[in-house]
Amino acid sequence: MKEEVEKVLEEIRPNLQRDGGDVELIDYADGVAKLKLKGACHGCPGAQMTLQFGIERMLREKVPGFKAVEAV
């Protein structure tokens, strides 16, 4: 499953990098992905929205058994 999460993040990554940011998968267990936002995304006021309405939404659609995203 971790590989499937990483594949989805690879799809999302160019959009984040375009704005000077990035995302790193720290861990995936029990349907929860622990992600670290990097670059311009780290500390951005819109970071929580990016996690919930962008990354989490895509992961729910594409990874069976996915439950949630946690920022680390």
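Residues numbered from 1 in each chain as written. Predicted model: local features only at pLDDT ≥ 70, side-chain atom pairs only at ≥ 80, totals over all residues. Heavy atoms only, no water.

Trainee: Sorry if this is basic, but what is going on with the pairing of strand E1 (residues 21-29) here?
Mentor: Side chains on a regular strand alternate between the two faces of the sheet. Here eight bridges tie E1 to strand E2 (residues 32-39), and the two strands are oriented antiparallel to one another. Bridge assignment links Leu25 to a residue of E2, and that residue is Leu35. Turn length for the E1-E2 hairpin, with the two strands adjacent in sequence and antiparallel, is two residues, and the turn residue Asp30 shows positive phi of about 55°. (Pairing = 2+ DSSP bridges. Helix = DSSP H or I, 4+ residues; strand = E, 2+ residues; numbered from the N terminus.)

Trainee: Sorry, what's going on with the pattern of salt bridges here?
Mentor: Here the idea is simple: oppositely charged side chains can pair when their charged atoms come close. Enumeration according to the criterion identifies seven salt bridges in this entry. For Arg13, the salt bridge identified is with Glu6, shortest N-O distance 3.5 Å. A salt bridge links Arg60 to Glu56; the shortest N-O distance between them is 3.8 Å. In this pair, Arg60 and Glu56 are both assigned in helix H2 (residues 47-62), four residues apart and thus about one turn of the helix distant. (Salt bridge = Lys/Arg side-chain N within 4 Å of Asp/Glu carboxyl O.)

Trainee: Quick question: what am I supposed to make of the environment of Pro45 here?
Mentor: If you trace the backbone, Pro45 turns up in the loop between E2 and H2. When the C-alpha positions of Pro45 and Lys62 are compared, they lie 26 Å apart, and in sequence the two are 17 residues distant.

Trainee: What is the right way to read unusual backbone geometry from this model?
Mentor: Among all residues save glycine, negative phi is the norm, and among peptide bonds the norm is trans. For Asp30, which is not a glycine, the phi torsion comes out positive at approximately 55°. The residue Asp30 is located in the loop between E1 and E2 in this model.

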